[in-house]
Amino acid sequence: MTDSQLVFDGVNKYFGENHVLKDIDLDVEDGEVVVVVGPSGSGKSTLLRCTNRLEEIQSGEIRLEGVSLTDPETDINLLRQRIGMVFQSFNLFPHKTALQNVTLAPRKVKGIPESEAERTARDLLERVGLDGKADSYPHQLSGGQQQRVAIARALAMRPHVMLFDEVTSALDPELVGEVLSVMRGLADEGMTMLVVTHEMGFAREVGDRIVLMADGEKVEEAPPEEFFENPETERAKQFLSKFL
Ligand code: ADP
Ligand code: MG
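Residues numbered from 1 in each chain as written. Chains lettered and ligands numbered in written order. Predicted model: local features only at pLDDT ≥ 70, side-chain atom pairs only at ≥ 80, totals over all residues. Heavy atoms only, no water.

Enquirer: Any chance you could explain the pairing of strand β8 (residues 192–196) here in plain terms?
Expert: Across a regular strand the side chains alternate sides, sitting on one face of the sheet and then on the other. For β8, the tally of buried residues reaches five of five residues, placing the bulk of the element in the interior. Burial along β8 is two-sided: Thr-192, Leu-194 and Val-196 and Met-193 and Val-195, pointing in opposite directions, are all buried. By the bridge criterion, four bridges tie strand β3 (residues 33–37) to β8 in an arrangement that is parallel. From the neighbouring strand, Val-35 faces β8, where its bridge partner is Val-195. With five bridges connecting them, strand β7 (residues 161–165) and β8 associate as parallel partners. From the neighbouring strand, Val-161 faces β8, where its bridge partner is Thr-192. On the question of chirality, the crossover connecting β7 to the parallel β8 by way of helix α6 (residues 173–188) is right-handed. (Buried < 20%, exposed > 50% of the residue type's maximum accessible area, 1.4 Å probe, protein only. Helix = DSSP H or I, 4+ residues; strand = E, 2+ residues; numbered from the N terminus. Pairing = 2+ DSSP bridges. Right-handed = clockwise from strand over helix to strand, strands pointing away.)

Next up, the structure:
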């Protein structure tokens, strides 16, 4: 049997004494959207950060396309290029334009020629609804626009998997929709996505599977209809009652 595209296999992570990921098993199939929900402090961000080794795990294994992220033989920088990540804080380079933010990594990391990188970047900016904003600086853009530049920047590396960590949490409510709609478009195009969000409408509509984390454990994993209509665990019922 071949591996799923992204596999968490008995993953344990500690911060000192604090056991923040407890034996996490999770498979994300090619083209699948898995949405991770759960209370603050449950380990959602850590799970994503371990996936591109911004954090090290203590035991278990994370594999991307069958290749272990933690194997010393693995070229982690190459593997990282296949994993796009977008955070709550957009982290754009403030003194670079939208276009320059998107072309930087392909040029520096992949050595893509400037003209080609720019062509790709313009296509990506158009795809996230920002044609016409290529020459704007981050401070000239709304939060929703900045976050869409951040998504275009991640896509510019042609990732095989995209990780989203509460990318709409810092946005004014009226700007949330434009970012979610870009994510929905990516999902429709078949991008493999692991998404941490509190947007339950999005989770239900776009998610192929919902994972509930609590206290570092994967408490429940189910298709959205099942998770939202008929949760199995008390933890899930309790969690969902907060969104009614
Ligand atoms: P979530 O994203 O679900 O809110 P996190 O993954 O950020 O949860 O945090 C999980 C646990 O790990 C929390 O107890 C948090 O305090 C702890 N934690 C997160 N990052 C660090 C860190 N860099 N150093 C020490 N503890 C951390
Ligand atoms: Mg978090």
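Read on for the rest.
Enquirer: What exactly am I supposed to notice about the nonpolar core here?
Expert: If you look at the biggest cluster of nonpolar residues, it comprises 50 residues, and the most contacted ones within it are Leu-125, Ile-151, Met-162, Phe-164, Met-183, Met-193 and Phe-227. A total of eight residues in this core trace back to one element, the largest contributor, which is α6. The residues touching Met-193, leaving out its near neighbours within four places in the chain, are Val-28, Glu-32, Val-33, Val-34, Met-162, Phe-164, Met-183, Leu-186 and Ala-187. (Core = buried A, V, L, I, M, F, W, Y, C linked by side-chain atoms within 4.5 Å. Contact = heavy atoms within 4.5 Å.)

Enquirer: I would appreciate a short explanation of the sheet that holds strand β2 (residues 18–28) in the present structure.
Expert: In a beta sheet, neighbouring strands are held together by backbone hydrogen bonds and run either parallel or antiparallel to one another. In spatial order, the strands read β2-β1-β4-β5; together these four strands make up an open sheet with antiparallel pairing. With one partner strand each, in any of the chains shown, β2 and β5 (67–68) form the two edges of the open sheet. For strand β1 (residues 6–15) and β2, the ladder comprises seven bridges, and the chain directions are antiparallel. Across the sheet, residue Lys-13 finds its bridge partner in β2, namely Leu-21.

Enquirer: Just to check I follow, could you spell out a negative patch on the surface for this structure?
Expert: There is a patch of like negative charges on the surface, built from Asp-23, Asp-25, Asp-27, Glu-29, Asp-30 and Glu-217. Considering each element in turn, the negative patch owes the most residues, three residues, to β2. Among the secondary structure elements, Glu-29 is positioned in the loop between β2 and β3. You can call Glu-29 partly exposed: its relative accessible area is 40%. (Patch = residues over 30% accessible without salt bridge, like charges linked within 9 Å, V, L, I, M, F, W, Y side chains within 5 Å. Areas by Shrake-Rupley, 256 points an atom, 1.4 Å probe, with all protein chains shown as cover. Salt bridge = Lys/Arg side-chain N within 4 Å of Asp/Glu carboxyl O. Lys, Arg positive; Asp, Glu negative; His and termini not counted. Charge placed at Lys NZ, Arg CZ, Asp CG, Glu CD.)

Enquirer: Would you mind going over the sheet that holds strand β6 (residues 83–86) with me for this structure?
Expert: Taken together, the six strands give an open sheet; going across it, the order is β6-β7-β8-β3-β9-β10, and neighbouring strands pair in mixed fashion. Only two strands of the sheet have a single neighbouring strand rather than two, namely β6 and β10 (217–222). Adjacent strand axes in the sheet meet at a mean angle of 20° when their direction is disregarded. In the sheet, β6 pairs with β7 via four bridges, with the strands oriented parallel. Note on β7: the bridge partner recorded for Gly-84 is Met-162. Along the sheet, helix α5 (residues 143–155) contacts β6 and β7; its crossing angle with β6, the most-contacted strand, is approximately 170°. Packing of α6 onto the sheet brings it into contact with β3, β7 and β8, and relative to β8 it is tilted by some 150°. (Axes fitted to C-alpha atoms, helices over the stretch in contact; angles between N-to-C directions.)

Enquirer: Before we go on, may I ask you to explain the pairing of β10 in this structure?
Expert: Judged from the five bridges that link them, strand β9 (residues 209–214) and β10 form a sheet pairing that is antiparallel. Note that in β10 the partner of Ile-210 across the bridge is Ala-222. Two successive antiparallel strands, β9 and β10, enclose a turn made up of two residues, where Asp-215 displays a positive phi of approximately 50°.

Enquirer: Sorry, what's going on with the pattern of salt bridges here?
Expert: Two side chains bearing opposite charge may form a pair once their charged atoms approach each other closely. Within the structure shown, the criterion is met by 17 salt bridges. Among the ionic pairs, Glu-32 bridges to Arg-209, the shortest N-O distance being 2.7 Å. Here Arg-209 lies in strand β9 and Glu-32 lies in the loop between β2 and β3, a separation of 177 residues in the sequence. By the burial criterion, Glu-32 is buried, and Arg-209 matches it. Salt bridges linked by common partners bring Asp-3, Asp-9, Glu-61 and Arg-63 together as one network.

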